[in-house]
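Given next are the chains, with one letter for each unit.
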Amino acid sequence: MANPHQEMWTGALAHVRNNYPALCRGWFDGLEPMPIDNGVFRVRASSAIHRNYLQSQCLDAFADAMQAVTGRLMPVRFMSDEDESNFPGQTARAPSARATPKLDFDNPAVLPGRGSTHKPIERADQPASAAGRNAGSDVVVPKQPRVSGLMPKPNPIRTLRDDTGQLFNPDYTFETFIPGPENQLAFSAAQAVAESPAAVYNPLFIHGGVGLGKTHLLQAICIRVLETRPDTIIHYISCEGFINRFMDAVKAGTMPSFRHSFRDVDLLIVDDIHFLAKMDRSQEEFFHTFNSLYQMRRQIVLSSDAKPDQIPHLEERLISRFKQGLVAEVETPCFETRLEIVRTKVGMRGIKMDEDVCVAIARHTSSSVRELEGVILTLDARAQAMKTKLTEEMVIEFLGLPKSAARPLISIQRIIDAVTEHFGCKTHELQSKRKFRSIVYPRQVAMYLARHHTRYSLKEIGGHFGGRDHSTVIYALETIEQRVKDTPSCQADIEQLTRVLLQNPHKSSSGGQ
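Residues numbered from 1 in each chain as written. Predicted model: local features only at pLDDT ≥ 70, side-chain atom pairs only at ≥ 80, totals over all residues. Heavy atoms only, no water.

## Topic: the overall build of the chain
(1) Moving on: Counting its secondary structure elements, the chain contains 19 helices and 11 strands.
(2) Moving on: Buried positions account for 52% of the 513 residues belonging to the chain.
(3) Moving on: Contacts in the chain between residues at least 24 apart in sequence constitute 73% of all its contacts with a sequence separation of at least 6. (Helix = DSSP H or I, 4+ residues; strand = E, 2+ residues; numbered from the N terminus. Buried < 20%, exposed > 50% of the residue type's maximum accessible area, 1.4 Å probe, protein only. Contact = heavy atoms within 4.5 Å.)

Put into structure tokens, the structure is as follows:
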């Protein structure tokens, strides 16, 4: 007999995917429907972080979906294992293989320090004061006190957030971050800090432009630490949140409580620390907070749009301390990294997209990871609305590029003829396995032109040049794109060959599109 709760949930998921494409995630499939309780449709998430994000960001969409499926109003509540006790009579399930580790407060974490180990600070959970708790991205994970050798039952993790609703995003894990040459140092350093807080890079200072993944790395550190060391006391906040809470504490005369919340922690993470610029009193307070944590060998992680010494109006003593650890930059991703990001984002959202379309998005969208995701979502929504398959021409049109950005109908054989004539080489040499520099460069140019002026896929282009795979073609595209930017002679070669091809696209009678 079919499970009615599962059938309702399957219908709700389908409704969300069709009507809320921006919310769709691969991990929606990992959610588990539970029996209805007092008219509330309950859904089990794999972790408290997952639950908090769903409850904050996805509740309206799923409530609408349940109404569409059942024909009546039915509230939805997302739960995690920590919530089981709120529903007597329900048997707690064993964690599934796909679930992230449960946050077990009964086992104290041991954080390695430099030459020694220490346990997280044991302190009573401090109640959230009314002042300042709505300011800034603010996540505090408290540890419960031991009384007479017994650990009282812990409360679920509190997630304190600002009025923008920012929470830990379950998508922001190390597994979903795409490392490349532009961000490898920052990625590796963040992983090292998450595995061994305060033992390797302290402080860790990550800087780079907007939308390049700094917040992703910061939240990935928090999520990994919560999975592996659930007793760790973490304070994650934006710099704006720190400033607002400091000003509120000064006005309310609650500075001891403010300092306790920031200094009695094992891990302090502050996003967008460059907002401390020109804030003299806040800089003074953060200086002492930094010193207190550093002297107690507690981990500090900061992010910024600029290097420490390039943040205007920042005190020299703070610049010096920010630079005493590891300063790692996150740069604009190259074509190959962008392509892998597109593939990952498409897979996470369950979007069907041909490789050629992924390549077109990666090639023509280069400013930030955030922009890449926006282009993917908008194009997918357009294709669904038009009930048509997404094509490269749709990408070109959406991005407002000239039609010349799309590939005119020119045969690969015509391109090979033009390239061999231009460089004075032979056709069989371009198709051979030889890797002499005099042959590799013309071959890469030919692949680059074939990609821009034919409708062949990457695999098909590689097949015309000695049976090479698509990764070799991608490498050739990236290499020539970079050389066009850096080398005037390469730019001249491409421009000259393009003019020849466009002026006479059908000169060769062999081969063909």
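Let us keep going from here.
## Some details on the environment of L326
(1) Moving on: Following the sequence through the fold, L326 ends up in strand β11 (residues 326-330).
(2) Moving on: Sequence separation between L326 and I206 is 120 residues; the distance between their C-alpha atoms is 8.3 Å.
(3) Moving on: In this structure L326 touches L185, A189, Y201, P203, L204 and F205, once residues within four positions along its chain are discounted.

## Overview of the sheet that holds strand β2 (residues 41-44)
(1) Moving on: Sheet architecture is open: three strands sit in the order β1-β2-β3, paired in mixed fashion. Every interior strand has two partners, whereas the edge strands, β1 (32-33) and β3 (76-79), have only one.
(2) Moving on: Contacting β2 and β3, helix α3 (residues 59-70) crosses the sheet at an angle of about 130 degrees to β3. (Pairing = 2+ DSSP bridges. Axes fitted to C-alpha atoms, helices over the stretch in contact; angles between N-to-C directions.)

## Some remarks on the side chain of T344
(1) Moving on: Mapped onto the fold, T344 is located in helix α10 (residues 335-348).
(2) Moving on: Leave out the neighbours within four places in its chain, and T344 touches T176 and I178.

## Describing the packing of aromatic side chains
(1) Moving on: The tally for this structure, following the rule as stated, stands at 16 aromatic pairs.
(2) Moving on: Relative to F258, the ring of F242 has its centre 5.5 Å away and its plane inclined at 55 degrees; by these criteria the two rings are tilted. One end of the pair, F242, is in helix α6 (residues 239-252); the other, F258, is in helix α7 (residues 255-263), and 16 residues separate them in sequence. Across this residue pair, the class does not change: F242 and F258 are buried. (Phe/Tyr/Trp six-rings, centres within 6.5 Å; stacked < 30°, edge-to-face > 60°.)

## With respect to the environment of W9
(1) Moving on: Checked against the element boundaries, W9 lands in helix α1 (residues 4-19).
(2) Moving on: Since its relative accessible area comes to 2%, W9 is described here as buried.

## Quick word on the pattern of salt bridges
(1) Moving on: For the structure shown, the criterion picks out 15 salt bridges.
(2) Moving on: Among the ionic pairs, E315 bridges to R317, the shortest N-O distance being 2.6 Å.
(3) Moving on: Among the residues examined, E315 registers a relative accessible area of 23% and is labelled partly exposed.
(4) Moving on: In the salt-bridge network here, residues are joined through shared partners; they are E175, E195 and R224. (Salt bridge = Lys/Arg side-chain N within 4 Å of Asp/Glu carboxyl O.)

## Side note on the packing of α10 against helix α11 (residues 355-364)
(1) Moving on: Across the interface, α10 lies against α11 with an axial gap of 8 Å and an inter-helix angle of 130 degrees. As the angle between them shows, α10 and α11 are arranged oblique. Crossing handedness for the pair α10 and α11: right-handed. Contact with α10, carried on its side by F335, R338, L339, V342 and R343, involves E355, C358, V359, I361, A362 and R363 of α11 and no other residues of that element.
(2) Moving on: For the contact of α10 with α11, the residue count by class is seven nonpolar, no polar and four charged. (Parallel < 35°, antiparallel > 145°, perpendicular 65-115°, else oblique. Left-handed = near helix turned anticlockwise from the far one by under 90°. Nonpolar A, V, L, I, M, F, W, Y, C, P; charged D, E, K, R; others polar.)

## Here we look at helix α14 (residues 412-423)
(1) Moving on: End to end, α14 covers 16 Å across 12 residues, agreeing with the expected 16 Å (1.5 Å per residue, within 8%).
(2) Moving on: Every buried residue of α14 is accounted for by I412, Q413, R414, I415, I416, A418, V419 and T420.
(3) Moving on: G424 lies just past α14 and shows a positive phi near 70 degrees. (Expected span 1.5 Å × (residues − 1).)

## Focus: the nonpolar core
(1) Moving on: Counting 52 residues, the largest nonpolar core has V342, M353, I361, I415, L449, I461 and F465 as its most contacted members.
(2) Moving on: Of all the elements, helix α16 (residues 437-453) adds the most residues to this core, at eight residues.
(3) Moving on: In this view, L449 contacts I415, V419, L497, T498 and L501; residues no more than four positions away in its chain are not counted. (Core = buried A, V, L, I, M, F, W, Y, C linked by side-chain atoms within 4.5 Å.)

## A word on the confidence of the model for the chain
(1) Moving on: In the predicted model, the chain carries a mean pLDDT of 77, and the fraction of residues at 70 or more is 78%.
(2) Moving on: Element-level pLDDT for the chain is lowest in strand β4 (residues 111-112), with a mean of 32, against a maximum mean of 96 in strand β10 (residues 299-304).
(3) Moving on: Residue range residues 85-136 is modelled with pLDDT below 50. Its contacts to residues more than four positions away, or to other chains, number 126 contacts.
(4) Moving on: Note on residues 509-513: pLDDT is under 50 here. Beyond four places in sequence and across chains, it has 12 contacts. (pLDDT = per-residue confidence, 0-100.)

## Describing the pairing of β10
(1) Moving on: Of all six residues that make up β10, six are buried, and the element is covered over most of its length.
(2) Moving on: Alternating positions in β10 separate into two faces, Q299, V301 and S303 on one and I300, L302 and S304 on the other, with burial throughout.
(3) Moving on: With four bridges connecting them, strand β7 (residues 204-208) and β10 associate as parallel partners. When the sheet's bridge partners are listed, L204 is paired in β10 with V301.
(4) Moving on: With four bridges joining them, strand β9 (residues 267-271) and β10 adopt parallel strand pairing. Across the sheet, L268 pairs through a bridge with I300, a residue of β10.
(5) Moving on: Between β9 and its parallel partner β10, the chain crosses via helix α8 (residues 280-295), and the hand of that crossover is right-handed. (Right-handed = clockwise from strand over helix to strand, strands pointing away.)

## Digging into the pairing of β7
(1) Moving on: Burial runs high along β7: five of the five residues are buried.
(2) Moving on: Burial along β7 is two-sided: the residues L204, I206 and G208 and F205 and H207 are all buried.
(3) Moving on: Bridging between β7 and β11 involves five bridges; their strand directions are parallel. Bridge assignment links H207 to a residue of β11, and that residue is E329.

## Quick word on the environment of R321
(1) Moving on: Structurally, R321 is set in helix α9 (residues 316-322).
(2) Moving on: For R321, a relative accessible area of 22% corresponds to the partly exposed category.
(3) Moving on: Along the sequence, R321 and F290 sit 31 residues apart, while their C-alpha atoms lie 8.3 Å from each other.
(4) Moving on: Not counting residues within four places of it along the chain, the set of residues in contact with R321 comprises P203, F287, F290 and N291.

## With respect to unusual backbone geometry
(1) Moving on: The step from N202 to P203 runs through a cis peptide bond, and the omega angle for that step is 0 degrees.
(2) Moving on: Position of P203 relative to the elements: it lies in the loop between α4 (184-195) and β7.

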